[in-house]
Structure formats: structure tokens, C-alpha cells
Amino acid sequence: MERFNKIWTSALLTLLAGISLGLFLLLKNPTTIGMIAYVVVFMAMMAATFILNIIAHEGGHCIGGLLSGYRFESFRVFSIMIVKQNGKLLRKKFHLAGTGGQCLMAPPQPFRPDFPYRLYNLAGGLTNLLIAIAALLLCVPVIFASGTLDWLLLILLPLFVSGVYCGVTNLVPMTIDGICNDGWNLRHLDKDPVSRRIFWLLLEMMARINRGAQFRDMPEEWFYEQGDGTPDDGNSLQTSETPDYGNSFQCGLGVFRFNYLLDTGKFTQAAALADQILAAGKRVPQLYRYELLCESIFLELIGEGRLDKVEKLYTPELQRYVKATDSYPHRQRLHYAMAMLYFHDEEAAAKALAKFQEACKSYPNMGEILSEWELMGLVDCKLAEIKAL
């Protein structure tokens, strides 16, 4: 299904851009050199208006969230991120593979089964469509302006194309590369009270991590949800029903449960949970699958240290993901562990440590940074343990 989604979204973009560019060239009837120049300018404006629509999309989510009682936490376009910490707006650096931006907001307090979620999810895509409609309406007087304002079409037509594309591909429910869009989120939130509860929890936990809390600081029962959407009593490390790890919300909570176990030092249980989630195979959203594989390697290195298992997990596919997420502190933690405990390369370990320290300076989530330093220390402890044998 994801392959089909990639095909039809690519076809939509090609069709819209082709028709718009064809209309412009028909109106101008340029020479060959002029045609090439117009095509180059058109493509450049497509790139520029896509950036504009990404900003508008996330701004729409922000406005929709504020109108629904959410609190602003962060705003990201590509890797540039503005976060609110200690009452100040700070510039940080973070990129999530497969996304152009993200507006993170803390949900209304306290949780209610009917808490507002529709406007927050819809506002981004609707903003893109409103921009597209406005651009299309402005094209009409420009076309009939006797050619004096034709240059404006090189702005308005790409703005229309990028607006329609961003709006449609975010509002039509689908997943691409394991990333669920706003339409997918809304469809599942509308029909499933468990998903609504988990959605609220995920937003709240991410907001707290952003402000400096660690997973261990949060109520344990948040990480264990019963099938009816009410929190468990927290006494058991198993949910009352087997989670559907093909569902992005349930898998997201499972990954946060893994982070909680990791942060509380329950490494054996964390490793078992990672294996349980990964057993669902490619039904697990790609981002979560890759992250759990990285953490499974780390736990193996600081645990039993079975190098054959590490080699089996560290596939070329995973190595490409590791390289793409090299700016994360936890990725440099993995590099450090691999250098110290797998390759036994002190020079590579020193480089990973330096990159880790640099990554922590620009990483947005203060709570994660505290935990990452503690996990880095476990690598040194494991090395000392090996040397003492």
C-alpha cells in the first residue's frame, strides 16, 4: 500500500505541475531559449513555494492547536527548530526522517475522552488548501491583464500546485515510509477511544521531555494501557491485551514504554519488549523499527555482548539509517558503544564522544540529554568490567 501511495502522490505532483507549466507556456508562447528559462524559474519557484507551504502547514497546526486549548512547545521546518524552554524561545537543530516539519504542542489538561483533536490535526492541510484556492483565484485577473502581469503566474501557479499537493497528501489518510499523515491520525482518532487516549499521552510525554523531564519522572501507569482505553494500575509490565504494533499510536506507546524501561535501568525487560515489538516485522512503522534495532544493538553491547548478534542486527539497511540520523545524541551513543565494545577503536570512540557532546548542544529535548549521558556512562562501565576479567 505504501508503494501505491508513493506512486499516486508522485503522479499528482507531476500532473499538477505539468498542467500549470503547460498553461503558462501556452499563454506566453516563448522562444526555445525563453521556454528553457521559464521552466527553470518555474522549478525554482516550486521549491520556494513548497518551503512556504511547509511553514504554513505547521503554522496552521499551531493556530488550530492554540484555538483548541493546546500549549506551544516547538516549531520545526526541516532541521531548524524553535523550542520553548524555561519561558524562552530557543533555536535548536533536529530532523526527523520522512518529515518536512513539525509543530509540537502540549494537549489540553486534564485528559478527557472528548478532548479536542480534530482542528489540531486538520488545520495544517486546510491551510495549504486555502493558500492553493487563493493562488488560483488570483491567477484569473492576472491572465486577463493583457500580459502585463504574466510574471506573477510564475509565483501563483507553483503556489497553487504546492498548496494542493501538501493539502491533499496530508489530509487523505495514508502512510509513507512508516510516517502516518494527519488524515490517518484523524481517521483512527475518530473511531478508536484507545487511540485518542494514547495520542493525548504521547503529546503530553513529548512536551514534558522537551521541558526537561525524563521518562522515569512520569507516572508508570501512562505506559500501560488497557484495551478499553483506561490506564492500568501500573503494577504489571504487561498490557491486558496484546498491542497492535502495526498501529502507529499503539506502537508509539510501546516505544515510549521501552524508553521508560531503559531510563529506569530495567534493561532485560527493555530488550524483551524491543524483541516483542520487532517480532511484528515490517508492520511496525519504519522509524520505530530502526530506532528499536539501534537500541537492541546497544543493549546487547552493554549486556551479554554477543558480537554475532550485533553483526546480524547491524545490517546495511540499518547502517544507512544510522548515517542519516548521525546528528542525534543517541546515534553517537551507539557509535561510541560500537567503537569501544565491538571494534575496540579508541580513536573512533573519541570522535563519537566529541560528536555526542556537540549534538547535545543543539538537541531540543533536555530530558533525553540527561538520560543519554547516563547511558554513555554504561559503556565505560562495561569496558571496565571486560578489562577486569
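Structure: above.
Residues numbered from 1 in each chain as written. Predicted model: local features only at pLDDT ≥ 70, side-chain atom pairs only at ≥ 80, totals over all residues. Heavy atoms only, no water.

A. Representation of the overall build of the chain within the structure. A count of helices and strands for the chain gives 14 helices and 6 strands. Dimensions of the chain, computed from C-alpha atoms along their principal axes, come out at roughly 85 × 50 × 40 Å. Partitioning the intrachain contacts of the chain with sequence separation of at least 6 by distance along the chain shows that 67% fall at a separation of at least 24. For the chain, the exposed surface amounts to about 18700 Å²; the carbon and sulfur share of it is 63%. On the chain, the mean spot of the 36 positive side-chain charges and the mean spot of the 38 negative ones are 6 Å from each other. (Helix = DSSP H or I, 4+ residues; strand = E, 2+ residues; numbered from the N terminus. Contact = heavy atoms within 4.5 Å. Areas by Shrake-Rupley, 256 points an atom, 1.4 Å probe, with all protein chains shown as cover. Lys, Arg positive; Asp, Glu negative; His and termini not counted. Charge placed at Lys NZ, Arg CZ, Asp CG, Glu CD.)

B. Region of the structure containing unusual backbone geometry. Looking along the chain, the bond that leaves Gln109 and enters Pro110 is cis, with omega of -15 degrees. Here Pro110 lies in the loop between strand E4 (101-106) and helix H3 (118-143). Unusually for a residue other than glycine, Asn29 sits at a positive phi of about 50 degrees. Residue class for Asn29 comes out exposed when judged on its relative accessible area of 64%. Here Asn86, not a glycine, exhibits a phi torsion of approximately 55 degrees, which is positive. Residue placement: Asn86 occurs in the loop between strand E2 (80-85) and strand E3 (88-93). (Buried < 20%, exposed > 50% of the residue type's maximum accessible area, 1.4 Å probe, protein only.)

C. Seen up close, the nonpolar core. Membership of the largest hydrophobic core comes to 85 residues, with the highest contact counts inside it found for Phe199, Met205, Phe223, Ile297 and Leu318. Looking at which element gives the most residues to this core, the answer is helix H9 (residues 286-302), with 11 residues. With near-sequence residues (within four places) excluded, Met205 lies in contact with Met218, Trp222, Phe223, Leu253 and Phe256. Phe24, Leu25, Met46 and Ala132 belong to the second-largest nonpolar core, a separate cluster that totals 23 residues. (Core = buried A, V, L, I, M, F, W, Y, C linked by side-chain atoms within 4.5 Å.)

D. Structural context of the side chain of Ser74. Here Ser74 is to be found in strand E1 (residues 71-77). With a relative accessible area of 2%, Ser74 lands in the buried category. Once you skip the residues sitting within four places of it in the chain, Ser74 turns out to touch Met81, Ile82, Val83, Gln102, Cys103 and Leu104.

E. How the structure looks around a nonpolar patch on the surface. A cluster of nonpolar side chains, namely Ile51, Ile55 and Phe78, defines an oily patch on the protein surface of about 240 Å² accessible area. Note that Ile51 resides in helix H2 (residues 32-67). In this structure Ile51 comes out as partly exposed when scored by relative accessible area, which is 40%. (Patch = residues over 30% accessible without salt bridge, like charges linked within 9 Å, V, L, I, M, F, W, Y side chains within 5 Å. Salt bridge = Lys/Arg side-chain N within 4 Å of Asp/Glu carboxyl O.)

F. Spatial organisation of the packing of helix H7 (residues 248-263) against helix H8 (residues 267-278). Where H7 meets H8, the closest approach of the two axes is 8 Å, and the angle between their N-to-C directions is 160 degrees. With respect to H8, the element H7 is oriented roughly antiparallel. For the pair H7 and H8, the sense of crossing is left-handed. Of the residues in H8, those touching H7 at Cys251, Gly254, Val255, Arg257, Phe258, Leu261 and Leu262 are Phe267, Gln269, Ala270, Ala271, Leu273, Ala274 and Ile277. (Axes fitted to C-alpha atoms, helices over the stretch in contact; angles between N-to-C directions. Parallel < 35°, antiparallel > 145°, perpendicular 65-115°, else oblique. Left-handed = near helix turned anticlockwise from the far one by under 90°.)

G. The arrangement of the pattern of salt bridges in detail. Going through the model one piece at a time under the given rule, you end up with 16 salt bridges. Measuring nitrogen to oxygen at the nearest pair gives 3.8 Å for the salt bridge that ties Glu300 to Lys309. Overall, Lys309 belongs to the partly exposed group, its relative accessible area being 28%. Across the pair Lys361 and Glu358 runs a salt bridge, and its minimum N-O distance is 3.5 Å. In this pair, Lys361 and Glu358 both sit in helix H13 (residues 346-362), 3 residues apart, roughly one turn of the helix. Through salt bridges with shared partners, a single ionic network connects Glu300, Glu304, Arg306 and Lys309.

H. Spotlight on the environment of Leu189. Its location among the elements puts Leu189 in helix H5 (residues 182-191). Of the residues examined, Leu189 reaches a relative accessible area of 0% and is grouped as buried. Between the alpha carbons of Leu189 and Leu90 there is a distance of 32 Å; along the sequence they are 99 residues apart. Residues within four places of Leu189 in sequence aside, it is in contact with Tyr117, Asn121, Ser195, Arg196, Phe199 and Phe249.

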